[in-house]
Amino acid sequence: MGRFIGRRLISSLPVLLGITALVFLILHLLPGDPAQIMLFGSNATPEQVRALHRDLGLDRPLLVQYADFLWRILHADLGISFITQRRVADEIAIQFPATAALALVTMVVAAGIGLVAGVLGAVYRHTWLDALSTGFSVLGVAVPNFWLSVLLILVFAVHLGWLPALGEGGLRGLILPAASLGWGFSAIITRLCRTNLIEVLTQPYVATAHAKGLPPWAVVGRHALKNALIPVVTLLGLQVGNLLSGAVVVETIFGRQGIGALAVRAILAKDFPLIQGVVLFVALVYVLVNLVVDMAYAMLDPRVHYA
Amino acid sequence: MSTEAKSVSWYGVSLAAGDRLAGRAARQFVRNRAAVAGLVVLAVVLILTTVGSAIAPYNPVRVRVADRLRPPSDVHWLGTDQFGRDIFSRILAGARPTFLAAFIAIGLAGVGGTVLGALAGYAGGRVDDVIMRGMDILLAFPGILLALVVITILGTGLVNVMIAVGISLIPVYTRLVRGTMLSARQQDYVVAARAMGCRPSRVLIRHMLPSVWAQVAVLSTTALGWAIIAGSTLNFLGFGVRPPTPEWGADLNAGREYLNAAWWLSTAPGVAIVLVILAVNFVGDGVTEALDPALRRRRAA
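What you see is a predicted model; the values in this text were computed from it and never measured. (Residues numbered from 1 in each chain as written. Chains lettered and ligands numbered in written order. Predicted model: local features only at pLDDT ≥ 70, side-chain atom pairs only at ≥ 80, totals over all residues.)

The subject of this paragraph is the overall build of chain B. Helix and strand counts for chain B come out as 13 helices and 0 strands. Here chain B holds 301 residues, and 44% of them are scored as buried. Pairs at least 24 apart in sequence give 69% of the contacts found in chain B among residues at least 6 apart. (Helix = DSSP H or I, 4+ residues; strand = E, 2+ residues; numbered from the N terminus. Buried ≥ 20, exposed ≤ 12 C-beta atoms within 10 Å, placed from the backbone. Contact = placed C-beta atoms within 7 Å.)

What follows is the structure, encoded as structure tokens:
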């Protein structure tokens, strides 16, 4: 197990390096001189551009610049934001807790709902409960989160007045954004959970469990569900990525703090250090989460041996 | 089963077997009522996309302040927006950029991913390693984040949205095509073709790629829904079309400011998007079921 973790860590190093290289290149793939881009709109004289060019070390070979970039990342130095004039690392540190809270609440609630709906759909297959569960998942995948957000605001904030339209202020402000983000998420879990459980329920060992007189809930809960849930765990890891990119939309609509709203602001303002920092951060979080999921997977499934 | 096995080696027969398979897939598709309904909806929407601006009751960009924020009526079926523009006409006209973006993105991803995946799966070794590590890196940028990176580099605009969505789908295609190529490489008919002295290019194009098409078709129908959502999301966020160009995501965003006074502004484009996504997903499920015998057997069990 320890060796597996070590090897998995080492094997994700090239990806991590690749992410930093791509993020580093954003500034160099843009048309024009990076120094000019950074001084955009400030009426800089050619001398100022040249000075910044030298200060940024842009006259050095690209590889040297990249090594320098890596060195600064290792010291959590992601540069200074154009728009706020604050350190990008601080900016991310301020905004991240809000996104983490939103993603965590969404994930827990949506996974719970998806699990229940999926199990009900599989156990009561071909009944109205199954139809309800399937309808829930089919619609959940089809409704884009940006419209769901607007719709929920329209119904629950504008017309009923039950919940705030702007998502700040504790748990009440979290309900609508989490619901907007969570439906699609739990729809995918419902679908996968239902399909897997239906397949597992046809296995001989399930028939054996029934035959030896176990009550139905124990057959499903203790025998079938365990095996049906293994692929769901992998999906959870992959879906963290969708949650983070969904946060881009939902945070913008609900006017919340967070990494997603920060990303949109940065791109619209062409704040390149901030863009680089946010993109790098989100990608790193995503890779690390999937690393953890892989390990959980190895622990959950005794059939998986990593020698 | 046995007739199919017999018909692989000889070209004429294998073509007949192909026809039979296509016929069976079509019959399987027609049996799925949701898929047929989806196809009908999609066909209607696509026709409206091409002739939409001709049959639209009003000019979708004509401003008439006197008519602003009118609720749905028999004059304006879906009401008017904050500039007095007819929303039904804007929905009709907005279908075009929405679909165009999705189709071009899928085309870009399909071609790019197939070329890269075929190269990786066929060449193997160093080439495979380089391509697949590259894809791993792209896949580390989740969901629309990769599209946002591309937008950052290329700038905003509808064409750049298409490219961005396309690029973010390339790794998915590459992985699929590579996997299919790897398994095709082991197949007896490919080994036989090579043993008979076929040129590598002929083995690749004539014998290996055909097994890829069905997979690419299945993926494309599933990816289409994602591409439509991703494209309209980017438009919604303001990275795509510029006003006054009608586009569903952009119009939905514009209507957001008038939620208190006029609910129909953002509701009409929202319903349009959901309807289209539902149709696309139903068709996708139908195609997957019809073309994937393994899945069909699982469903039957």
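Here the narrative resumes.
Before going further, it helps to examine the overall build of chain A. Of the regular secondary structure elements, chain A holds 13 helices and 0 strands. Traced from its N-terminal end to its C-terminal end, chain A shows the element sequence α-α-α-α-α-α-α-α-α-α-α-α-α. Considering only C-alpha atoms, chain A reaches an extent of 85 × 60 × 30 Å along its principal axes. Contacts spanning at least 24 positions in sequence make up 69% of the contacts within chain A whose residues lie at least 6 apart.

Bringing the interface of chain B and chain A into the picture now. With 34 residues of chain B at the interface, the matching set in chain A holds 38 residues. Looking at the side of chain B that touches chain A, the elements that each hand over two or more residues are α5 (125-139), α6 (144-154), α10 (210-236) and α12 (264-291) of chain B. Residues that form the side of chain B that touches chain A fall into these classes: 21 nonpolar, 9 polar and 4 charged. (Nonpolar A, V, L, I, M, F, W, Y, C, P; charged D, E, K, R; others polar.)

Note: predicted coordinates in regions of low pLDDT should not be interpreted at a detailed level. Predicted confidence across chain A gives a mean pLDDT of 84, with 94% of residues reaching 70 or more. Ranking the helices and strands of chain A by mean pLDDT puts helix α6 (residues 88-123) of chain A first, with 90, and helix α3 (residues 34-38) of chain A last, with 71. (pLDDT = per-residue confidence, 0-100.)

Between the first and last C-alpha of helix α7 (residues 158-186) of chain B there are 43 Å, a value that for 29 residues agrees with the 42 Å anticipated at 1.5 Å per step. When the local axis directions of α7(B) are compared, the greatest deviation, roughly 30°, occurs at B:L169, which is followed within four positions by the proline B:P171. (Expected span 1.5 Å × (residues − 1). Bend = angle between axes of the 7 residues up to and from the residue.)

Further remarks concern the nonpolar core. The nonpolar side chains of a soluble globular protein tend to be buried, and buried together. Membership of the largest hydrophobic core comes to 155 residues, with the highest contact counts inside it found for A:V278, B:A105, B:A147, B:V165 and B:A227. In contact with A:V278, other than residues within four places in its own chain, are A:I92, A:I259, A:L262, A:A263 and A:A266. (Core = buried A, V, L, I, M, F, W, Y, C linked by C-beta atoms within 7 Å.)

The subject of this paragraph is the environment of A:I267. With respect to the helices and strands, the residue A:I267 is situated in helix α12 (residues 259-268). According to the C-beta neighbour criterion, A:I267 is buried, with 23 such atoms within 10 Å. Residues in contact with A:I267, not counting those within four places in the same chain, are A:I275, B:L148, B:I151 and B:T152.

At the junction of B:P243 and B:P244, the peptide bond is cis and its omega measures out at 10° in the coordinates. Within the secondary structure layout, B:P244 lies in the loop between α10 and α11 (248-255). Despite not being glycine, A:Q85 has its phi angle at roughly 60°, a positive value. The topology assignment puts A:Q85 in the loop between α5 (62-74) and α6. Despite not being glycine, A:K270 shows a phi value in the positive range, around 55°. Along the chain, A:K270 turns up in the loop between α12 and α13 (272-300). On the basis of neighbour counts, which here come to 17 C-beta atoms within 10 Å, the residue A:K270 falls in the partly exposed class.

Here we take up the environment of B:M208. Residues and elements named next belong to chain B. In this structure, M208 sits in helix α9 (residues 200-208). Given 22 C-beta atoms within 10 Å, M208 falls into the buried group. In this structure, M208 is in contact with Y122, M181, A184, V190 and V203, ignoring residues within four places of it in sequence.

Residues and elements named next belong to chain B. Where helix α4 (residues 87-123) meets α7, the closest approach of the two axes is 5 Å, and the angle between their N-to-C directions is 35°. Of the two elements, α4 crosses α7, and the hand of that crossing is right-handed. The residue makeup of the contact of α4 with α7, split by class, is 23 nonpolar, 8 polar and 2 charged. (Axes fitted to C-alpha atoms, helices over the stretch in contact; angles between N-to-C directions. Left-handed = near helix turned anticlockwise from the far one by under 90°.)

To continue, consider the environment of B:A193. Tracing the chain through its elements places B:A193 in helix α8 (residues 188-195). Remark: the alpha-carbon pair of B:A193 and B:R206, spanning 13 residues in sequence, is separated by 9.6 Å.

Here we come to the packing of α5(B) against α7(B). Residues and elements named next belong to chain B. Where α5 meets α7, the closest approach of the two axes is 9 Å, and the angle between their N-to-C directions is 140°. Between α5 and α7, the crossing angle belongs to the class labelled oblique. Note on packing geometry: the crossing formed by α5 with α7 is left-handed. Contact with α5, carried on its side by I131, M132, M135, L138 and L139, involves P171, T174, R175 and R178 of α7 and no other residues of that element. Along the lines of polarity and charge, the residues of the contact of α5 with α7 split into 6 nonpolar, 1 polar and 2 charged. (Parallel < 35°, antiparallel > 145°, perpendicular 65-115°, else oblique.)

Our focus in this paragraph is α5(A). Helical periodicity: at 3.6 residues per turn, an α-helix aligns residues three or four positions apart in one direction. In this model, α5(A) (13 residues) spans 18 Å end to end at C-alpha, consistent with the 18 Å of a helix rising 1.5 Å per residue. Among the residues trailing α5(A), A:A76 stands out with phi positive, at a value near 55°.

Glancing now at the confidence of the model for chain B. Residue and element names in this part refer to chain B. Predicted confidence across chain B gives a mean pLDDT of 83, with 89% of residues reaching 70 or more. Below pLDDT 50 for its whole length, residues 1-15 participates in 7 contacts with residues either more than four positions away or in separate chains. Here the prediction assigns the complex a pTM of 0.85, and the interface score ipTM is 0.84.

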